[in-house]
Amino acid sequence: MIDSPEPHRVFVVDDQPAIREGLRGLIEAESDLTVCGVAACKAEALEKIPQAKPEVVVLDLSLPDGSGVQVLRLIRDSGLDTHIIIFSNYDSFTYADLMKNEGALGYVDKHDAPSAIIEAIREVIAGRTYF
């Protein structure tokens, strides 16, 4: 019997419970992906992400105790080997380039089809960007 590779680890940060759980279900439905953790705010994300060691963090820009940009910067500057995809309601034409300049490897608008976030995760894991 051949061992299948471990699923890619994804961490979700969003302040809305329905969005967090919706993303968890969407990601967990894919055999090559697993959710290794979730957080509802900046403080929780910064506490849990280093322990969870995700390959990808799906990150909302609007959090109750700070901004997703702050989380992105702290993760980027910490040296963690993880990639950030922004998942937000903010206008992608305005924010995608700004987030790319901050180090995000992807940007998905919450108004996009659910398949877009899965596509973005796979693109970033493969070493490409998704904007």
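Let us look at the structure shown here.

Criteria and cut-off values
- Residues numbered from 1 in each chain as written.
- Predicted model: local features only at pLDDT ≥ 70, side-chain atom pairs only at ≥ 80, totals over all residues.
- Heavy atoms only, no water.
- Helix = DSSP H or I, 4+ residues; strand = E, 2+ residues; numbered from the N terminus.
- Rg over C-alpha atoms; globule rule 2.2 N^0.38 Å.
- Buried < 20%, exposed > 50% of the residue type's maximum accessible area, 1.4 Å probe, protein only.
- Lys, Arg positive; Asp, Glu negative; His and termini not counted.
- Charge placed at Lys NZ, Arg CZ, Asp CG, Glu CD.
- Axes fitted to C-alpha atoms, helices over the stretch in contact; angles between N-to-C directions.
- Parallel < 35°, antiparallel > 145°, perpendicular 65-115°, else oblique.
- Left-handed = near helix turned anticlockwise from the far one by under 90°.
- Contact = heavy atoms within 4.5 Å.
- Nonpolar A, V, L, I, M, F, W, Y, C, P; charged D, E, K, R; others polar.

**Observations concerning the overall build of the protein**
- Across its full length, the protein carries five helices and seven strands.
- Scanning the protein from its N terminus toward the C terminus, one meets helices and strands in the order β-α-β-α-β-β-β-α-β-α-β-α.
- A compact globule built from 131 residues would reach a C-alpha radius of gyration of about 14 Å, and the protein, at 14 Å, matches this within 12%.
- Burial analysis of the protein (131 residues in total) assigns 40% to the buried set.
- Distance between charge centroids for the protein: 4 Å, based on 12 positive and 22 negative side chains.

**Some thoughts on the packing of helix α1 (residues 17-28) against helix α5 (residues 115-125)**
- Across the interface, α1 lies against α5 with an axial gap of 10 Å and an inter-helix angle of 60°. In terms of orientation, α1 and α5 fall into the oblique class. When you trace α1 past α5, the crossing you get is right-handed. On the side of α1, the interface is formed by L23, L26 and I27, while α5 contributes I117, I118 and I121.
- Looking at the contact of α1 with α5, its residues break down into six nonpolar, no polar and no charged.

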